[in-house]
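Notes for the structure review
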Amino acid sequence: MKNFFLLFALICSFQVFGQIKYITNKEFTLQGKAFDNAPFYHRIDTNKYANLPEKVKGLFTASAGLYVTFKSNTSQIKLDWTTRSTYLGANTTGIMARGLDLYIKENGKWIFAGAALPNQQNIKSEYDIVKNLSKTEKEFMLYLPLWNEITDLKIGIDASANFINQPIAYKKKIVVYGSSIVQGASASRPGMNYPSILTRKTGYEFINLGLSGNAKIEIELAEMIKDIQGVDLFILDCVPNSSPEEIKSRTIPFVKLLRKYHPKTPILMVESLIRPMSKFDLTAHEDMTRQNQTYRAQYDALTKDGIKDLYLLKGDNLIGSDNEGSTDGIHPNDLGFSRLSEAIEKKVNEILSKK
């Protein structure tokens, strides 16, 4: 009798329309979160961390870096989702900001399979992200939007297909705190920001704490980040949003607070990538140089003060030297993110090999 009621409840939990049944958030798990108890589609529980700056709280409602992994023998996947608004930034694509993209695992590697285009006039969208699949069981990874808050998601599969919620157990957890570049500007689609690329490539979980325009090294962020458990590496990629004065006054207290609560966890400080616009804009070049020099000086001061397991990645050639690695002269395009992910992966492997 108990098994009957369990089966009945499972059947009722699926919304079946024609030849499609829809899986709701009662059946799938969102991965990529720093904490398990955050609101379902949010990266952080901002009510718990009430002292965070207001702009930061708003940005943490965006689902950047969150994804669903599952197994199914479906021949198609149809998505039905709603975002908080139809807003698009000037340097963002609709797919990246409000859409989703899908990967399928093949021979142990995640392969891009399709993108879901959002409705441009309405917060509610529907899209057939992939069709005409063989009906063999496959493993799927579905990324949520980078630049908007998602409020509802339904995953449609064949009515007769199975759906197995399949969270990935990662070998390492790496937390990345940073600017709009970490959040994903200006990738073409959600899976192309560098934390997501590295998650797929390395088998490590990269937690995306990117905050467009608002990674300013505030101590309130350190107070939140220190509570994340089981971290194998912290990456601080916050120079682009911070003035030299902010870098000088905030970096050392921020790093020391993390070190106090995570005495043996490596910390990687990443300088600002060299922005292509600065090749010819002399003022921009001078400003960025001052940012990186100030950040490097804080790294030197911390190491002289005895802070161990602290590393620095310089900004030179992080997205290449041909000036083709950006969308707008500031934020990486897909080529830039590919190059950036390679540089960071090399440094991450170097650090973790020492542990």
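Calculation notes
Residues numbered from 1 in each chain as written. Predicted model: local features only at pLDDT ≥ 70, side-chain atom pairs only at ≥ 80, totals over all residues. Heavy atoms only, no water. UniProt positions renumbered as here; feature names shortened; annotations may be inferred. Helix = DSSP H or I, 4+ residues; strand = E, 2+ residues; numbered from the N terminus. Expected span 1.5 Å × (residues − 1). Contact = heavy atoms within 4.5 Å. Polar contact = N/O pair within 3.5 Å; in protein donor to acceptor, adjacent residues only side chain to side chain. Domains from an automatic or database assignment. Buried area = accessible area lost by both parts, 1.4 Å probe. Salt bridge = Lys/Arg side-chain N within 4 Å of Asp/Glu carboxyl O. Buried < 20%, exposed > 50% of the residue type's maximum accessible area, 1.4 Å probe, protein only. Lys, Arg positive; Asp, Glu negative; His and termini not counted. Pairing = 2+ DSSP bridges. Axes fitted to C-alpha atoms, helices over the stretch in contact; angles between N-to-C directions. Parallel < 35°, antiparallel > 145°, perpendicular 65-115°, else oblique. Left-handed = near helix turned anticlockwise from the far one by under 90°. Nonpolar A, V, L, I, M, F, W, Y, C, P; charged D, E, K, R; others polar.

If you look the protein up in an unreviewed UniProt entry, it shows as Hydrolase from Empedobacter tilapiae.

Side note on the UniProt feature "domain: SGNH hydrolase-type esterase N-terminal" (unreviewed entry) in the protein
Sequence positions flagged by UniProt for "domain: SGNH hydrolase-type esterase N-terminal" (unreviewed entry) are, in local numbering, residues 21-163. Within the segment residues 21-163, helix and strand shares are 8% and 38% respectively, and the terminal C-alpha atoms sit 10 Å apart.

Examining helix H8 (residues 282-304)
Between the first and last C-alpha of H8 there are 33 Å, a value that for 23 residues agrees with the 33 Å anticipated at 1.5 Å per step. Its buried side turned inward, H8 meets strand S14 (233-237), helix H7 (244-261), strand S15 (267-270) and strand S16 (310-313). Measuring from the side-chain oxygen of the N-cap residue of H8 to the backbone nitrogen of Thr283 gives 3.1 Å; that N-cap residue is Asp281. Residue Gly306 follows H8 closely and has a positive phi angle near 95°.

Some details on the domain arrangement of the protein
When the domains of the protein are assigned, the result is domain 1 (20-165) and domain 2 (173-353). On a C-alpha basis, the centres of domain 1 and domain 2 stand 25 Å from each other. At the junction of the two partners, domain 1 supplies 35 residues and domain 2 supplies 33 residues. Surface buried jointly by domain 1 and domain 2 totals about 2,700 Å² across both partners, of which 65% is contributed by carbon and sulfur atoms. There are one salt bridge connecting domain 1 and domain 2. For the salt bridge of Arg189 with Asp101, the shortest nitrogen-to-oxygen distance reads 2.9 Å.

Remarks on the side chain of Arg43
With respect to the element layout, Arg43 can be found in the loop between strand S3 (30-31) and helix H2 (54-59). One buried charged side chain, Arg43, makes no salt bridge at all; its nearest oppositely charged neighbour is Glu149, positioned 11 Å away. Engagement of the side chain of Arg43 in a polar contact is seen with the backbone oxygen of Ala62, the distance being 3.0 Å. The contact partners of Arg43, leaving out residues within four places of it in the chain, are Ala34, Ala38, Leu59, Phe60, Ala62, Ala64, Leu66, Gln183, Asn208, Leu209, Gly210 and Leu211.

What to know about the pairing of strand S9 (residues 138-143)
In terms of burial, S9 is a largely internal element, six of the six residues being buried. Neither face of S9 is open: one carries Lys138, Phe140 and Leu142, the other Glu139, Met141 and Tyr143, and all of them are buried. Sheet topology note: the strand S4 (residues 67-72)/S9 ladder contains six bridges and is antiparallel. Paired with Val68 across the two strands is Leu142, which belongs to S9. Across four bridges, the pairing between strand S6 (residues 100-106) and S9 is antiparallel. Pairing of Leu102 across the sheet is with Leu142, part of S9.

A word on the packing of helix H5 (residues 194-202) against helix H9 (residues 334-353)
The geometry of H5 relative to H9 is characterised by a closest axis approach of 9 Å and an angle of 60° between their N-to-C directions. If you check the angle between H5 and H9, you find them oblique. With respect to the hand of their crossing, H5 and H9 are arranged in right-handed fashion. Where H5 abuts H9, its residues Tyr194, Ile197, Leu198, Lys201 and Thr202 lie against Phe337, Ser338, Leu340, Ser341, Glu342, Ile344 and Glu345. A breakdown of the residues in the contact of H5 with H9 according to their chemical character gives six nonpolar, three polar and three charged.

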